[in-house]
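What follows is the residue order along each chain.
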Amino acid sequence: MRENELVRFIYLPKITDDGSLVFAQTPDHIPFPINRIYSIFDADPKFPRGFHAHKKTQQVLFCLNSDIKIIVDDGKKRATVFLDKPEHGLFLDKMVWHEMHDFKKKTILLVLASNLYDPDDYIRDYKEFLGLSKASG
Ligand code: TYD
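All figures in this text were calculated on a predicted structure; none of them were measured in a lab.

Moving on, we come to the site of the ligand. Taken together, the neighbourhood of the ligand is formed by Arg-36, Tyr-38, Ile-40, Arg-49, Gly-50, His-52, Tyr-117, Tyr-122 and Arg-124. Residue Arg-49 places a side-chain N or O atom 2.8 Å away from an oxygen atom belonging to the ligand. Interatomic distance of 3.2 Å between a backbone N/O atom of Gly-50 and an oxygen atom of the ligand. Listing elements by their share of the shell around the ligand, those giving two or more residues are strand 4 (36–40) and strand 5 (49–54). Residues of the shell around the ligand, tallied by class, amount to four nonpolar, two polar and three charged.

What follows is the structure in structure tokens.
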């Protein structure tokens, strides 16, 4: 997947000796102060997740185990991204609709977020997202 304004990868340093170590720090790798982290694992492969955008929150997603397919959409363009390496992150800007598809039993997603959890930060209706996205130019 080629990078563009919608798809921005973050490549972390990987130290390999007896094993592998990957690290991230702000602002060298993560372009915002990290206020929250969460992970998604044991997801049922039958059910995709996400299907929302955030009004303010920026995030970086890492797939620590197995792989995941992520659809990103900024209201103008849509792209499909595959993550399958712990050192490759996907930057998800605010106002980017995202969907996570094809979870495997072993998929582990780690998410670094710029803001605290706030249900009011979510836009869960795609039509509303398109309207707000258009309005904000
Ligand atoms: P949600 O963001 O909707 O997950 P997904 O997009 O993967 O489907 O969150 C699922 C549930 O977890 C929802 O009830 C909100 C809760 N949650 C928190 O309480 N804090 C958090 O930081 C996150 C990300 C979710």
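Before going further, it helps to examine unusual backbone geometry. Note the cis peptide between Thr-26 and Pro-27, where omega equals 5°. Positioned with a positive phi, Met-95 is a non-glycine residue whose angle comes to about 60°. Within the secondary structure, Met-95 is located in the loop between strand 9 (88–92) and strand 10 (97–101).

Under the criterion given, the structure shown has six aromatic pairs. With centroids separated by 5.0 Å and ring planes inclined at 75°, the aromatic side chains of Trp-97 and Tyr-126 adopt a geometry described as edge-to-face. In this pair, Trp-97 sits in strand 10 while Tyr-126 sits in helix 1 (residues 126–135), placing the two residues 29 residues apart along the sequence. For Trp-97, a relative accessible area of 3% puts it in the buried group. By relative accessible area, which is 29% here, Tyr-126 ends up partly exposed.

Our focus in this paragraph is the layout of surface pockets. Of the voids in this model, the largest pocket is the one considered here, and its volume is about 280 Å³. Along its surface, the largest pocket is lined by 14 residues, and Asp-74, Asp-93, Lys-94, Met-95 and Val-96 are the ones closest to its centre. Classifying every residue of the lining of the largest pocket by side-chain character gives four nonpolar, three polar and seven charged. Around the second largest pocket, the lining residues are Tyr-38, Ile-40, Arg-49, Gly-50, His-52, Gln-59, Leu-61, His-98, Met-100, Val-111 and Tyr-122.

This part takes up the pairing of strand 9. For strand 9, the buried fraction is high: four of the five residues fall into the buried class. As paired elements, strand 6 (residues 59–65) and strand 9 share four bridges and run antiparallel to each other. When the sheet's bridge partners are listed, Val-60 is paired in strand 9 with Phe-91.

Read from one edge of the open sheet, five strands run 8-7-10-5-12, paired in antiparallel fashion. This sheet does not close on itself; its edge strands, each paired only once, are strand 8 (78–83) and strand 12 (122–123). Across two bridges, the pairing between strand 5 and strand 12 is antiparallel. Within strand 12, the position partnered with Ala-53 by the bridge is Ile-123.

Conventions we followed
Residues numbered from 1 in each chain as written. Predicted model: local features only at pLDDT ≥ 70, side-chain atom pairs only at ≥ 80, totals over all residues. Heavy atoms only, no water. Near = heavy atom within 4 Å. Polar contact = N/O pair within 3.5 Å; in protein donor to acceptor, adjacent residues only side chain to side chain. Helix = DSSP H or I, 4+ residues; strand = E, 2+ residues; numbered from the N terminus. Nonpolar A, V, L, I, M, F, W, Y, C, P; charged D, E, K, R; others polar. Phe/Tyr/Trp six-rings, centres within 6.5 Å; stacked < 30°, edge-to-face > 60°. Buried < 20%, exposed > 50% of the residue type's maximum accessible area, 1.4 Å probe, protein only. 1 Å grid on protein atoms, 1.4 Å probe; cavity = no way out; pocket = protein on both sides within 12 Å on 5 of 7 lines; lining within 4 Å. Points joined across faces, edges and corners; volume = space filled by probe spheres on them. Pairing = 2+ DSSP bridges.

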